[in-house]
Amino acid sequence: MSALLAPAVRRVAIIGGTRVPFARSDGPYATASNQDMLTAALDGLVERYGLEGPGAVGEFVAGAVLKHSRDFNLARETVLGSRLHPRTPAYDIQQACGTGLQAVVAVANKIALGQTEAAVAGGADTASDAPLGVNDDLRKVLLQARRAKSIGARLKALAKVRPGHLVPDIPRNAEPRTGLSMGEHAAVTARAWGISREAQDELAATSHQRLAAAYDRGFFQDLVVPFRGLDRDQNLRPGSTPEKLAALKPVFGLDGPAPTMTAGNSTPLTDGAAVVLLASEEWAAARGLEPLAHLTAYETAAVDFPHGDVADGEDGLLMAPAYAVPRMLERTGLGLGDFDLVEVHEAFASQVLATLAAWEKRGLGPVDRARLNVAGSSLATGHPFAATGARIVATLAALLAERGGPGRGLISVCAAGGQGVTAIVERS
């Protein structure tokens, strides 16, 4: 019996991406489901790249962090409700805020190994249409009643129901291991790294200003599809300045000295969806499509934040990219100076600044701020958890293409649970 030959690894092309404008929670998308938003983003991609026919793409991979029970098969249901061919396989993936980028990685691996020629990856999240769970005590009573073998036993079980059992369980932005919200964890890290309020407000204002400038020059024309009355991100505040942001009161870290984190330098709860089309170079060439760029490397990491989110901040909840990026750069033989653009997901301004400081502490050198999030990022766009990774991949690829010549970009996404997903995008 002959040995199986290892497949040649192919280059993975980023063809393009689409997303709906991101909206603040309980706003224009208050009644839109994850599936509604994801379908709108996917339909925009199908129309833009002519993906209607059977076999146009090999599969669709997407996910959401806040999911109803009806979303158990979100990616596949989205395909069935979209203009993508109904015979397109699909499956869900989830890694908190890293979901969208992990979906891209899953798709890229299959393309690289020749298992598919083209696929779509993405994600959606709604903080408005969040699922409400049955009170856990009520759930236990109802299950006991269901297991009862007689009417009397069933009635006896149901008699245990109390008024307090009717209060639903509402999803909380808190880590199960610590009970602290993401913002409170970020405040611990900000104190540990000495991140100032002024630096955070400067970063946040810059994000809004750069996003506004990108919209004004038409950069998002091929990336954003109108949805429910919006044609640009609702959270965008073009007139943001450090002086205006300085007037806001802190909302995180209030139990510590001199809190620095406000609603203005933190990402708001957001609704939205984003998708990105990846393919082999052969698939793109056959359809006359020029890739925007190529996905060339990726790395994930995790930190022991329940025990490490203390004095030195090395293992803060959102600090995993401080480990993932150095490993990825060592593996690829690159340094931060080799990147023309750097995209760091802005969950909080303090988290971005702590990550940059950690990279510098690890000997990677400082990041030129002129190359950081040049078209704005999550502080300005908002952050629908599972959609952010796909948004960043499509944005970075388009930015590299806009520059015209060869270029290289770095992606860094932190995620709940003390995880991080990072990647390298290149244009030759």
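Residues numbered from 1 in each chain as written. Predicted model: local features only at pLDDT ≥ 70, side-chain atom pairs only at ≥ 80, totals over all residues. Heavy atoms only, no water.

Peer 1: Which parts of the structure should I look at to understand the side chain of Asn373?
Peer 2: Along the polypeptide, Asn373 turns up in the loop between helix 12 (349-361) and helix 13 (378-381). Given a relative accessible area of 3%, Asn373 falls into the buried group. Separated by 2.9 Å, the side chain of Asn373 and the backbone nitrogen of Val344 make a polar contact. Discounting residues that sit within four places of it in the chain, Asn373 has contacts with Arg210, Val342, Glu343, Val344 and Glu346. (Helix = DSSP H or I, 4+ residues; strand = E, 2+ residues; numbered from the N terminus. Buried < 20%, exposed > 50% of the residue type's maximum accessible area, 1.4 Å probe, protein only. Polar contact = N/O pair within 3.5 Å; in protein donor to acceptor, adjacent residues only side chain to side chain. Contact = heavy atoms within 4.5 Å.)

Peer 1: I would appreciate a short explanation of the nonpolar core in the present structure.
Peer 2: Nonpolar side chains tend toward joint burial in soluble globular proteins. Counting residues in hydrophobic clusters, the biggest one holds 46 residues, and the most contacted among them are Val276, Leu278 and Ile411. Looking at this core element by element, the count peaks at 9 residues for helix 14 (residues 388-403). The contact partners of Ile411, leaving out residues within four places of it in the chain, are Leu101, Glu343, Ile392, Val393, Leu396, Val421, Thr422, Ala423 and Val425. Ranked by size, the runner-up nonpolar core spans 37 residues in total, among them Ala32, Phe60, Ala118 and Ala273. (Core = buried A, V, L, I, M, F, W, Y, C linked by side-chain atoms within 4.5 Å.)

Peer 1: What exactly am I supposed to notice about the pairing of strand 8 (residues 270-280) here?
Peer 2: Successive side chains on a regular strand alternate, one facing one side of the sheet and the next facing the other. Of all the 11 residues making up strand 8, 11 are buried; the element is thus mostly covered by neighbouring parts of the structure. Burial of strand 8 is two-sided: the residues Thr270, Gly272, Ala274, Val276, Leu278 and Ser280 facing one way and the residues Asp271, Ala273, Val275, Leu277 and Ala279 facing the other way are all buried. Bridging between strand 2 (residues 23-24) and strand 8 involves 2 bridges; their strand directions are antiparallel. Counterpart to Ala23 in the pairing with strand 8 is Asp271. As defined by bridge partners, strand 5 (residues 118-125) adjoins strand 8 across 8 bridges and the pair is classed as antiparallel. Looking at the pairing, Asp125 lines up with Gly272 of strand 8. (Pairing = 2+ DSSP bridges.)

Peer 1: So what exactly am I meant to see when it comes to the packing of aromatic side chains here?
Peer 2: What describes a pair of aromatic rings is the distance from one ring centre to the other and the angle between the planes of the rings. Within the structure shown, the criterion is met by 4 aromatic pairs. Relative to Phe220, the ring of Phe219 lies with its centre 5.0 Å away and its plane at 80°, an arrangement referred to as edge-to-face. Each member of the pair, Phe219 together with Phe220, is buried. Linked through ring pairs, Tyr215, Phe219 and Phe220 together constitute an aromatic cluster. Sitting over the ring of Phe22, Arg19 keeps its end group 4.5 Å from the ring centre. The side chain of Arg362 reaches across the aromatic face of Tyr323, ending 4.6 Å from its centre. (Phe/Tyr/Trp six-rings, centres within 6.5 Å; stacked < 30°, edge-to-face > 60°. Lys NZ or Arg CZ within 6 Å of the ring centre and 35° of its normal.)

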